[in-house]
Protein chains: 8
Amino acid sequence: MLLEAKSRLVMIGDSITDCGRARPIGEGRGEALGKGYVALVDALLGTMYASREIRVTNVGSSGNTVRSLQQRWQTDVIDLKPDWLSIMIGINDVWRQFDMPAQPEIHVRIDEYEATLRELVAKSKPLVKGLVLMTPFYIEPNPQDPMRAEMDRYGRVVEKLAVEFGAIFIDTQKAFEEVLPHYYPATLAWDRVHPNMTGHMVLARAFLNGIGFSWN
Amino acid sequence: MLLEAKSRLVMIGDSITDCGRARPIGEGRGEALGKGYVALVDALLGTMYASREIRVTNVGSSGNTVRSLQQRWQTDVIDLKPDWLSIMIGINDVWRQFDMPAQPEIHVRIDEYEATLRELVAKSKPLVKGLVLMTPFYIEPNPQDPMRAEMDRYGRVVEKLAVEFGAIFIDTQKAFEEVLPHYYPATLAWDRVHPNMTGHMVLARAFLNGIGFSWN
Amino acid sequence: MLLEAKSRLVMIGDSITDCGRARPIGEGRGEALGKGYVALVDALLGTMYASREIRVTNVGSSGNTVRSLQQRWQTDVIDLKPDWLSIMIGINDVWRQFDMPAQPEIHVRIDEYEATLRELVAKSKPLVKGLVLMTPFYIEPNPQDPMRAEMDRYGRVVEKLAVEFGAIFIDTQKAFEEVLPHYYPATLAWDRVHPNMTGHMVLARAFLNGIGFSWN
Amino acid sequence: MLLEAKSRLVMIGDSITDCGRARPIGEGRGEALGKGYVALVDALLGTMYASREIRVTNVGSSGNTVRSLQQRWQTDVIDLKPDWLSIMIGINDVWRQFDMPAQPEIHVRIDEYEATLRELVAKSKPLVKGLVLMTPFYIEPNPQDPMRAEMDRYGRVVEKLAVEFGAIFIDTQKAFEEVLPHYYPATLAWDRVHPNMTGHMVLARAFLNGIGFSWN
Amino acid sequence: MLLEAKSRLVMIGDSITDCGRARPIGEGRGEALGKGYVALVDALLGTMYASREIRVTNVGSSGNTVRSLQQRWQTDVIDLKPDWLSIMIGINDVWRQFDMPAQPEIHVRIDEYEATLRELVAKSKPLVKGLVLMTPFYIEPNPQDPMRAEMDRYGRVVEKLAVEFGAIFIDTQKAFEEVLPHYYPATLAWDRVHPNMTGHMVLARAFLNGIGFSWN
Amino acid sequence: MLLEAKSRLVMIGDSITDCGRARPIGEGRGEALGKGYVALVDALLGTMYASREIRVTNVGSSGNTVRSLQQRWQTDVIDLKPDWLSIMIGINDVWRQFDMPAQPEIHVRIDEYEATLRELVAKSKPLVKGLVLMTPFYIEPNPQDPMRAEMDRYGRVVEKLAVEFGAIFIDTQKAFEEVLPHYYPATLAWDRVHPNMTGHMVLARAFLNGIGFSWN
Amino acid sequence: MLLEAKSRLVMIGDSITDCGRARPIGEGRGEALGKGYVALVDALLGTMYASREIRVTNVGSSGNTVRSLQQRWQTDVIDLKPDWLSIMIGINDVWRQFDMPAQPEIHVRIDEYEATLRELVAKSKPLVKGLVLMTPFYIEPNPQDPMRAEMDRYGRVVEKLAVEFGAIFIDTQKAFEEVLPHYYPATLAWDRVHPNMTGHMVLARAFLNGIGFSWN
Amino acid sequence: MLLEAKSRLVMIGDSITDCGRARPIGEGRGEALGKGYVALVDALLGTMYASREIRVTNVGSSGNTVRSLQQRWQTDVIDLKPDWLSIMIGINDVWRQFDMPAQPEIHVRIDEYEATLRELVAKSKPLVKGLVLMTPFYIEPNPQDPMRAEMDRYGRVVEKLAVEFGAIFIDTQKAFEEVLPHYYPATLAWDRVHPNMTGHMVLARAFLNGIGFSWN
C-alpha cells in the first residue's frame, strides 16, 4: 500500500465526498468523516493497516463544482499540508446543465472545468507525495443517455490530467459498470447520483485498489 | 464465499448490531440496515458478490441480552425464514453486572446465558443453511480487567456452542486484539463497547472472513 | 366538460396522488388536497367551472400498490359515494421490483396487478357516473430501459381494462413523452418518479383533457 | 404567446407572489418558486410551451409595499436582467390602513403609491422586452366596502401607469369578480387576501391570458 | 351581580370560547382558561368580586357546532354540576356552509341547530341557577352579506330560546355593532371570526353586563 | 378619560409589562402587546373608547431595572414620541437583592433607583401630555416581610417623584391589597411577582382608574 | 449508618422527590434518580459508604398528594420489595387549598391526609427493615402565614404517625429553619416550594442525619 | 473552613467543571452552576456555612486544555476578581493524545502543560486569598494503563506547582482510588472521564476537605 506511516490523506469533492462530514474540517471522532466512501476508506485503512496510523481528512462540500473548489483551495487543501490528496469533482458541473438548464450562470462547461482542474492540480502536485484523481460518475448504464455521455467526457478530462501530471487515476464510472449488470440504477441511488452504502463501497474499493490496498 | 445466490442472511444482536436500523424489520433503502457492521457486510457483499443478490436483514435491538432475544425469536428470526443466521449477543448480559451492579434482576449470569443461547441455537440450526455465532467483545486490552475477563468467559460459551452445533465461529474479541496494539481503546470506542466505523469494519471483516469472502 | 354540477370526484392512487393530502380524507381548506395534480385539477375546475361546484376528494396514499388499494377500497372509495372516480396506480408495483429486488414479497407482479385492478374496477364501475383510469408512468425517455419497459406493460393493462369496462383512459406516459424532448428527466423529477409542479401540471392537463375540460 | 424562447421572466410582489419562495432568489428545484400563482405560471408555461424554456424567477416578499420594492429594486430586479417583468403590489399599502390604523407611519397612501410605482416603472420599462402590471385585489364582492373601494382606487393607478408606459395591464380584481358569484369570499381566502390554490389559479390565468397564452 | 359566592360558572362553545384552554377540563393555573373572553370574564370577576370566589370553567372546543356539543354534553356540562352555564355556539354551524360549501354533511342547518340547542337547553335549565345564551356573531358590518345575514338568523334562534326558557340573552352581534363604526373588521379579526383581545373584551363586557356586573 | 383621540400611549417597564410583547417595538396585530396589563388596558380602551383610536405601545423588557431603562430610554421612549407615557419599574431592582444576594453588582440600591428614575422623569415630562408613574409591587400581604418592606420603600420614591413632577400616581401595591384578603398570594402568582390574568386585571384597573376611565 | 450492605432504599413523594427521575421506575444510569435530594442522598451514600452498595430507587411523582400515593402504592412501593422506605408527602395536599381554592375536589384535607397516610404506613411498616417519614415543608419563615401554618399542622400528623409506628422522623421544616435566617426564601425557591440545589442538600442532609450517616 | 464570609470562589476547568453552566459567566439561579462538583460544592457550603454567604462562580468550559485557559484567563479569571480560585485542568490535554492520536496539533504535551499552568498560577496567586490546584484524573484502576499513567504524570506536575506556589493541593485521582475498589469504572463513568453524580460528589468532597470544610 502506497501511503507511508503517519501520512495525511486529504480527500476533496462534492456531496459524494461530503456525506455530512464535520465543519470546518472533517476529521475527529464520531461521524466527522461523513457517512460515505471517505469514512469507508478510513475504516478499511484503519482495519488493515492499523500500524500505519494514516490520518484521513474529509473536505468535500455538497453542491460543489470545480469552481467552488478553486475558491477554497488555499484554506481547505494547501493549508492542511496533505501528504496525499484525492480529488473527485465534476458531477455538479454536469448535473446543473441537465436539472437546472435555465440557469446557465451556474453551469461549469467542459472548457472551464478542464482549465480550472488543471490549475488546481498543477498547483498542488508538487506539494504532495501522492495525488489521486477520481472521475465524476453517473449511475446510468445507457452510454447514450445525454447526461451520462457528458459525464463521460468530463471523466476523459480527468484521465488526461492524470496522465499529464503523473497522478493515480481512478475511473469511478468503470467501477460502477462492473456492478451495474446486477443492479437497476434505482437500487444504488434513487437519483442515480447519491449512492447507498454499497455504491460508496464501490467507490472506496476503486480508490483503495488504486493505492495498492490489500484486504488480506 | 459460502452464501449461495439469493440467500437471505438475518443478523441478530444488540446495539452493536442495531445501529439505528429500520423498524420493525431492518431492511430496505436508506439506512434501513443501520450504520454498523451489518451495513458494512451488506455493502461488501453487494460490491464483491453483486451477482449473488444476497438479502441482508438486520434485527439487532439496542440493550438486548440473550433473554431479550428469546422473547422475540419467533417473530424476528423464525418467521423471517433465513437461509443464513448470525447471532452476536452477550455484551449487555455482562455489562449490566458492571455498570448497574445494584440491579441484579437485569443481570444475565453465565448459566442462564448458556442455557438460553443453546436453546435458541438448537431450535434454529435445523432451519438454516448456515449459522454464524459471534462472540461478544470488550475493547479493553487488559485481560485481567474484570469485565474483560467475564466477557471472555461468555465468549468461550459461544465457542463451545459453535463446536457443539457445527456453526461457524467468529471470535470478535480476537479480531479486536489484532488492532489493539495500534489503538488506545478510546480511539475505537469511548465506552469500550460501541465502536466507531473502524471498529465496525473489524467486525465486518471477521464475519466475512468466516464465510469465505474474498476482496479481489 | 363531463362532470355535472355538484359532482363528487374521488381520486385515488399512490404518492403522486397523495402529495401530503389531509388525513383520513383529503378534502377541506388549506393543503387538504395535497400539492400535486389533484390540487391542480381542483383549482382548474374551480377557476374555469366555478358554477359547477365540483367536489374533489384526494385519497391517494404514498407507497401504495394496487394491493394496498384493495385493502382500503371499501372505506376510501365505496363509502365516499363518488360520482366520478379516478385511479392511478402501479408505479410502486413496478418500482419495488427494481429498487428493492431482494424483497419479492412486496413486489406486485403483472398478473396480480391486472387481477386486482380488474376486481376493483368491476366492483366500482356500476356505482359511479364516470370512471377514469390513468396509467402509471416513468419519466425515462428510453423505452428500452427495463423499468420503463415494465411500466409500459402495466400501462397496457390499464388500457385493456379501460376498454373492457368502458372507462375513460388517460395515458400519462404519453403525456410526459410530449414534453420529454424538451426536458432531461432530472429536471422534472430527480428520481424520475415524483414530478415537480410542471410534471404535475402535465398530469392534470392529461386528466382534464380526458374529461372534456375547456381551457377558454 | 409573447415571451420568446429562453426569456427570463421576473415576478415581484408581496406575500401573494412570495408564497414561501427560496431566498435570496426564488428559482431552482423544489418549491423555490413558492406555492402560489408564480409556480402555476411556471408550470403552465413549462407544460404548454416546453420548447421555449422560459426561466421564471420569483422575488416576491411577504409584507412588502411599494415602498419596500423601491428599497430592493436594484438587487432584486435590475441586477437580475429580466427580459420580462411583472409587478403586483399594493395590497399591504392599503391593508395596513385598515387593519393597523393606529400606525400611520407604515401606511402607504395613494399619492406615495403612485409616485413610487411610477418611478420604478419608468426606470425599468426601457430595460425589458415586456412589462406586466397587475393590480392589487381584495376578495370582497361588495364594492362599497371601504377597503375594497380603496383597493379599487389603487388598481386604477396601476391601470393609469400601464397606459402611460405601454405595459400589459392585468386587472386581478376583475378576474376574481368572474368567480365571486360562485364562491363566498371565505372559500377562496379566510382573510379575503391570501387565496387558496383556486384563487392563485385565477391569478395565473389572468396573467397568462394577458401574455397571449394558449391553453390548447 | 347575579352569581352568588362560590358559584361555579361553566362556559361552553367553539374556538372563540376555547382559545387554547387546558384539557380535558379548562380550569386551574396558567392559561388553563385560554386566552379569550372566558379568561377575561374570570379576571374581571376575580378583580371586582374577589370575595365571591367564583369558579369559572372553560369547556369550549375549537371547530364545534351544536352537533358537537350534543355529543359531549353529559361529560362536559352535566357532570361538572355548574351553578351557572353559558352557551355560545353556531359560528361553525354557519361558517362551514360558506367556506366549505362542497361538504354538506358537515353543515348544521338552522332547523337542526334550533332543535339541538333547544334539547340541550331544556335538559340543562332545570339543573342550574342561571343560564346565559349568547348568540353567535360575524364581525361583518354589512347586514346584506350572506354569511352575516345567515348568522343573524341563527342569533334570532338563540333569542327565541332565551325567551322560551327564561335564560339571560346576550346579543354578541349587537355588542360588536357598537364598536364597528370605529374599526374596519380586519382590525378586530383577520377572518372576521376570531377576535383579537379587544374583540374578546367586547364579548366579556357583553356577558358581564348581562349578569349585572359593576365595574366600580 | 384623559387621553385625547389618537393619542399614543407608551408603556415601559419590566417583565410585568413585557409579557411576551413583539420586538423591537411592541405594537401591531396578534400578541404584539404581550399578554399582561398592557394588552388589557388596550383592550379596555378599545372597547369603551373605540372612537378615540388610542395607540398603545408596549416597550417593557423582562429583567429590566431602572438602570436598564436608562440605557434604552432614547430609542424606546423619546424616539417613539409618546403623547402619554407610563413607567412601572423597580421590582427587579429590589428582587435581585433578595434572590441573588451574592451578586451586588446587579443590585440597584434605592439611592441609585431614585436618582435614575428622577433623571428619566425629568427628561421626559416636558415632552408628553401625560405621565403615569406606577409603583413596583410584591404580592405579599405581610408588610414586615423584608422584601415587601423594601418594595414599599421603592414605592414611596415613586410617589415622591409623582408629586415632584406632577405625574399621575398609581399605587399598584395598594391595588393588590384590596384583593389580597380574598386570595392567598400563590393564587395570584406562584413567585409573588408574575401575576396571572386576574393580577394583571388588578393592574390594568388601577391604571385606568388613574386616567379617568369609565366602564359604563 | 443504619442501612446494611446491599439494602434497597425506595423513596416516594411528590415533585420534590421526582425532579425528573426515569419512568416507570427511577433508577439506573444518567439522571434516572432525578436532580433532587434523592440523587444527592444516593451520591453521598455512594461516596461515603461505597462498600455497602446501597440501591436507591426514586418513585416520586410531580403533583402527587397522599391520595395519589394510595393509588400506586402496590406497584410503586410493595412490588419493589424495599428494605428501607422513605415517604415525603403533603405539600400538594396543602398547596392546592391555597393556589387553587376554587377546586375543592382536588384538596386533600387533614383528616383524609392522616387516614390515608396511616393506612399506607400500617400496610408497609411490617414489610421493611426501616421506614423514614419526612414532613412536608414550606420555605416561608413566617409561622403565621396561613399556608405555612397549615403545612405545620400536616407536619405534626407525620410526627404523630412516626411515633405511632416507630418510624424515623425527619422534620424537613425544621431543617429549613436552620438556614432561613441566612436566606430570603426566594433565594432557595422562587415559589417557596421547589428548592434549588442548596435546598435539596438541606433535605438530603436532614434525611442522612436521620439514618446515622457520618460525614467523615 | 478557610473561606471567609462573602468570599468569591471562582472555579475553572474543562467539561468536568462546566457541566452545562450558564454563559458567559456561570452563576445565578437555576442550573447556572452546572450539574457537577461545582454545584455540589456550592450547595454544601450553602447548607453548612449558610451564614458565610460564599459566592461560587463556575467558569469551566467543555473541551478545554490548559492552552484554552490561557486564552481566556484575563476575562474569565482576573476580571472576576476572585478571592479564592480553583483550577482543575489537564484531562483533555492527555485524552486527545489517546483518542485522537492522528491530530498532534491539538495535543498539549507535558512540557507545554507545565509551562502554561505555571504561568497562569504565577500570575494569579498574588491576586487571591487562596488558590486550590486539583489534579486531572482518569477513572481507571490499572496504573499501567497508558492513559492513566500519563494522567498521573500530569497530576505530579500539579502537585509540584502546588508546592512551588504554596497552593492547596487536591489529588482527585487519589480520591477516586478510595472508592474504586467498590465500583467498576463503568458504574461511575461510561467513558472513565465524565462522572455520574457520585463521582462528582467524590470530587466535591475532596475539594471541601482541602479547604477545611466540616460536615457536622
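If you check an unreviewed UniProt entry, chain A appears there as SGNH/GDSL hydrolase family protein from Paenibacillus hodogayensis.

Caption draft 1: Looking closely at the overall build of chain A. Looking only at helices and strands, one finds nine helices and five strands in chain A. Counting from the amino terminus, chain A carries its helices and strands in the arrangement β-α-α-β-α-β-α-α-β-α-β-α-α-α. In terms of overall size, chain A behaves like a compact globule, its C-alpha atoms giving a radius of gyration of 16 Å where 216 residues would be expected to give roughly 17 Å. Here the C-alpha coordinates of chain A stretch approximately 50 × 40 × 30 Å along the principal axes. Looking at chain A as a whole, 66% of its 216 residues qualify as buried. A separation threshold of at least 6 residues defines the contact pool for chain A, and within that pool the share at least 24 residues apart is 77%. Of the roughly 7400 Å² that chain A leaves accessible, carbon and sulfur atoms contribute 52%. Here chain A carries 24 positive and 27 negative side-chain charges, and the mean point of each set is 5 Å from the other.

Caption draft 2: Local environment of the interface of chain B and chain C. Contact residues are listed per partner, giving four residues for chain B and seven residues for chain C. Roughly 470 Å² is buried in total at the junction of chain B and chain C, and carbon and sulfur atoms are behind 43% of that figure. It is Gly28, Arg29 and Arg55 of chain B that lose the most area in chain B upon contact with chain C, and together they represent 81% of the buried surface on that side. At the boundary of chain B and chain C, one finds two salt bridges. The residue arginine 55 of chain B makes a salt bridge to glutamate 105 of chain C at a minimum N-O spacing of 2.5 Å.

Caption draft 3: Representation of the packing of helix 2 (residues 37-48) of chain B against helix 9 (residues 197-210) of chain B in the model. All names here are of chain B. Contact geometry for helix 2 and helix 9: axes closest at 8 Å, N-to-C directions at 55 degrees. Considering the angle they form, helix 2 stands oblique to helix 9. Of the two possible hands of crossing, helix 2 and helix 9 adopt the one that is right-handed. For the pair helix 2 and helix 9, the contacting residues are Tyr37, Leu40, Val41, Leu44 and Leu45 in the first and Met197, His200, Met201, Leu203, Ala204, Phe207 and Leu208 in the second. Residues that form the contact of helix 2 with helix 9 fall into these classes: eleven nonpolar, one polar and no charged.

Caption draft 4: Here's a closer look at the relation of the copies chain B and chain A. Mapping chain B onto chain A calls for a screw motion: a turn of 180 degrees about the axis and a shift of 0.0 Å along it, with 0.0 Å RMSD after fitting. On this basis, the relationship between the two copies can be described by a two-fold rotation axis. In terms of C-alpha distance to the rotation axis, chain B has tryptophan 215 of chain B as its closest residue, with the C-alpha 3.0 Å off the axis. Same-surface contact between copies: 100% of interface residues of chain B are shared with the interface of chain A.

Caption draft 5: The arrangement of the UniProt feature "domain: SGNH hydrolase-type esterase" (unreviewed entry) in chain A in detail. The feature "domain: SGNH hydrolase-type esterase" (unreviewed entry), as given by UniProt, occupies residues 12-200 of chain A in the numbering adopted here. With 46% helix and 10% strand, the stretch residues 12-200 of chain A has end C-alpha atoms that lie 15 Å from each other.

Caption draft 6: View of the interface of chain B and chain A. Between chain B and chain A, the residue contacts involve 27 residues of the former and 27 residues of the latter. Buried surface at the junction of chain B and chain A, both sides included, amounts to about 2600 Å², of which 66% is carbon and sulfur. In terms of surface lost to chain A, no three residues of chain B exceed Thr47, Arg205 and Trp215 of chain B, which account for 27% of the buried area on that side. Linking chain B to chain A there are two salt bridges. Inspection of the region where chain B meets chain A yields six residue pairs in polar contact (both at pLDDT 80 or more). For the side of chain B that touches chain A, the secondary structure elements donating two or more residues are helix 2 and helix 9 of chain B. Among the elements that take part in the side of chain B that touches chain A, helix 2 of chain B stands out by supplying eight residues, more than any other.

Caption draft 7: The environment of lysine 125 of chain B, seen in detail. Residues and elements named next belong to chain B. Within the secondary structure, lysine 125 sits in the loop between helix 5 (110-124) and strand 4 (130-134). Considering only alpha carbons, one finds lysine 125 and serine 86, 39 residues apart in sequence, at a separation of 11 Å. The contacts of lysine 125, once residues within four sequence positions are left out, are Leu131, Phe165, Gly166 and Ala167.

Caption draft 8: Summary view of the pairing of strand 4 (residues 130-134) of chain F. Residue and element names in this part refer to chain F. The buried count for strand 4 comes to five of five residues, which makes it a mostly enclosed element. Taking every second residue as pointing to the same face, both faces of strand 4 are buried, with Gly130, Val132 and Met134 on one and Leu131 and Leu133 on the other. By the bridge criterion, five bridges tie strand 3 (residues 84-88) to strand 4 in an arrangement that is parallel. Residue pairing in the sheet places serine 86 in a bridge with valine 132 of strand 4.

Caption draft 9: View of the packing of helix 7 (residues 172-179) of chain B against helix 9 of chain B. Residue and element names in this part refer to chain B. Two numbers describe how helix 7 lies on helix 9: the axes approach to 9 Å, and their chain directions differ by 125 degrees. Classified by the angle their axes make, helix 7 and helix 9 are oblique. Crossing geometry of helix 7 relative to helix 9 is assigned as right-handed. Contacts between helix 7 and helix 9 involve Thr172, Ala175, Phe176, Glu178 and Val179 on the former and, on the latter, Gly199, Val202, Leu203, Arg205 and Ala206.

Caption draft 10: Focus on the sheet that holds strand 4 (residues 130-134) of chain C. All names here are of chain C. Reading across the sheet, the five strands line up as 2-1-3-4-5 and stay open at both edges, with parallel pairing between neighbours. Strands with a single pairing partner mark the edges of an open sheet, and in this sheet they are strand 2 (55-58) and strand 5 (168-170). For this sheet, the mean angle separating the axes of adjacent strands, direction not counted, is 15 degrees. Alignment of strand 1 (residues 8-13) against strand 2, held across four bridges, turns out to be parallel.

Caption draft 11: Broad picture of the relation of the copies chain B and chain C. When chain B is brought onto chain C, the operation consists of a screw motion whose angular component is 90 degrees and whose axial shift is 0.1 Å, with 0.1 Å RMSD remaining. Taken together, the rotation and translation describe the operation of a four-fold axis. Closest approach to the rotation axis within chain B is made by the C-alpha atom of arginine 23 of chain B, at a distance of 16 Å.

Caption draft 12: Up close: the packing of aromatic side chains. This structure, assessed with the given rule, holds 40 aromatic pairs over all chains. Relative to tryptophan 95 of chain G, the ring of tryptophan 190 of chain F has its centre 4.3 Å away and its plane inclined at 25 degrees; by these criteria the two rings are stacked. Here tryptophan 190 of chain F, found in the loop between helix 8 (185-188) and helix 9 (197-210), pairs with tryptophan 95 of chain G, found in helix 4 (residues 91-99), and the two come from separate chains. Note on tryptophan 95 of chain G: relative accessible area 2%, which makes it buried.

Caption draft 13: Here's a closer look at the side chain of threonine 47 of chain E. Residue position: threonine 47 of chain E is located in helix 2 (residues 37-48). In terms of polar contacts, threonine 47 of chain E uses its side chain to reach the backbone carbonyl oxygen of alanine 43 of chain E, at 2.8 Å. Engagement of the side chain of threonine 47 of chain E in a polar contact is seen with the backbone oxygen of threonine 198 of chain F, the distance being 3.4 Å. Excluding anything up to four places from it in sequence, threonine 47 of chain E contacts Val179, Tyr183, Thr198, Met201, Val202 and Arg205 of chain F.

Rules used in this analysis
- Residues numbered from 1 in each chain as written.
- Chains lettered and ligands numbered in written order.
- Predicted model: local features only at pLDDT ≥ 70, side-chain atom pairs only at ≥ 80, totals over all residues.
- Heavy atoms only, no water.
- Helix = DSSP H or I, 4+ residues; strand = E, 2+ residues; numbered from the N terminus.
- Rg over C-alpha atoms; globule rule 2.2 N^0.38 Å.
- Buried < 20%, exposed > 50% of the residue type's maximum accessible area, 1.4 Å probe, protein only.
- Contact = heavy atoms within 4.5 Å.
- Areas by Shrake-Rupley, 256 points an atom, 1.4 Å probe, with all protein chains shown as cover.
- Lys, Arg positive; Asp, Glu negative; His and termini not counted.
- Charge placed at Lys NZ, Arg CZ, Asp CG, Glu CD.
- Buried area = accessible area lost by both parts, 1.4 Å probe.
- Salt bridge = Lys/Arg side-chain N within 4 Å of Asp/Glu carboxyl O.
- Axes fitted to C-alpha atoms, helices over the stretch in contact; angles between N-to-C directions.
- Parallel < 35°, antiparallel > 145°, perpendicular 65-115°, else oblique.
- Left-handed = near helix turned anticlockwise from the far one by under 90°.
- Nonpolar A, V, L, I, M, F, W, Y, C, P; charged D, E, K, R; others polar.
- Least-squares fit on C-alpha atoms with pLDDT ≥ 70 in both.
- UniProt positions renumbered as here; feature names shortened; annotations may be inferred.
- Polar contact = N/O pair within 3.5 Å; in protein donor to acceptor, adjacent residues only side chain to side chain.
- Pairing = 2+ DSSP bridges.
- Phe/Tyr/Trp six-rings, centres within 6.5 Å; stacked < 30°, edge-to-face > 60°.

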